[in-house]
Amino acid sequence: ALGAIPPALASETAPFTQAAFDAAIKAGRSVLVEVHAPWCPTCKAQQPILSELAGQPRFRDLLIYKVDFDTQKDALRHLRVQNQSTLIVFKGGAEVGRSVGDTSPTSINALLSRAI
């Protein structure tokens with residue numbers, strides 16, 4: 001799924017599970033939680049921006065967990081998320097930023113930068 005990007009230079013993207021998320025947070029990893037829905041046009045607009053940023057070497061240590069807005073209601077409650085297209089970044093075990101409905105490459109880059 002990463003195409004031509006060498007795995008060592010790309011962020012890892014995985015489906016959200018509470019156990020994996022908790023382990024990453026406990027370990028102090030840099031984490032992006034991406035809340036998306038297949039029917040959401042804003043989420044679709046965020047995808048190429050997030051893919052582009054995730055491929056940059058400076059974000060290679062960022063773990064990306066995708067939460068399905070329609071099916072992962074427990075995760076939404078745990079993360080206090082009310083809308084799809086929500087991006088939440090964590091660093092050192094704590095939330096350091098979040099955005100909803102953002103499709104600006106500049107501000108999404110700034111948000112992700114808080115996690116590294």
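Residue numbers here run from 1 along each chain, matching the order of that chain's written sequence. Whole-chain, interface and lining totals are the exception, using all residues; otherwise, since this is a predicted model, local features are given only for residues with pLDDT of at least 70 and side-chain atom pairs are given and counted only at 80 or more. The basis for every side-chain value is the complete set of heavy atoms in the structure, and neither hydrogens nor water enter the calculation.

When pLDDT is low, close inspection of the predicted coordinates is not appropriate. pLDDT is a residue-level measure of predictor confidence that goes from 0 to 100. Model confidence for the chain is summarised by a mean pLDDT of 91, while 91% of its residues fall at 70 or above. For residues 1-8, every residue scores under 50 in pLDDT, and the model assigns this stretch 6 contacts once sequence neighbours within four places are set aside. Contact criterion: two residues are considered in contact whenever any of their non-hydrogen atoms come within 4.5 Å of each other.

This paragraph deals with helix α1 (residues 18-26). Using a 1.4 Å probe on the protein chains alone, a residue whose accessible area is under 20% of its type maximum counts as buried, one over 50% counts as exposed, and one in between counts as partly exposed. By the criteria applied, helices consist of DSSP H or I runs no shorter than four residues and strands consist of E runs no shorter than two, each listed in order from the N terminus. Of the residues making up α1, those classed as buried are Phe21, Ala24 and Ile25. Buried residues of α1 fall within an arc of 100° about the axis and therefore sit on the same side. Exposed side chains of α1 directed beyond 90 degrees from the buried face belong to Ala19 and Lys26. The first or second residue beyond α1 is Gly28, which carries a positive phi of 75°. The reported arc concerns the directions from the helix axis to the C-beta atoms and nothing else.

Attention shifts here to the pattern of salt bridges. The salt bridge criterion pairs a side-chain nitrogen of Lys or Arg with a carboxyl oxygen of Asp or Glu, the two atoms within 4 Å. This structure, assessed with the given rule, holds 4 salt bridges. Here Glu95 and Arg80 are joined by a salt bridge, their closest N and O atoms 4.0 Å apart. On the criterion of sequence distance, the pair formed by Glu95 in strand β5 (residues 94-100) and Arg80 in the loop between α3 (73-79) and β4 (86-91) is long-range, its members being 15 residues apart. With its nearest N and O atoms 2.9 Å apart, the salt bridge here joins Arg98 to Glu95.

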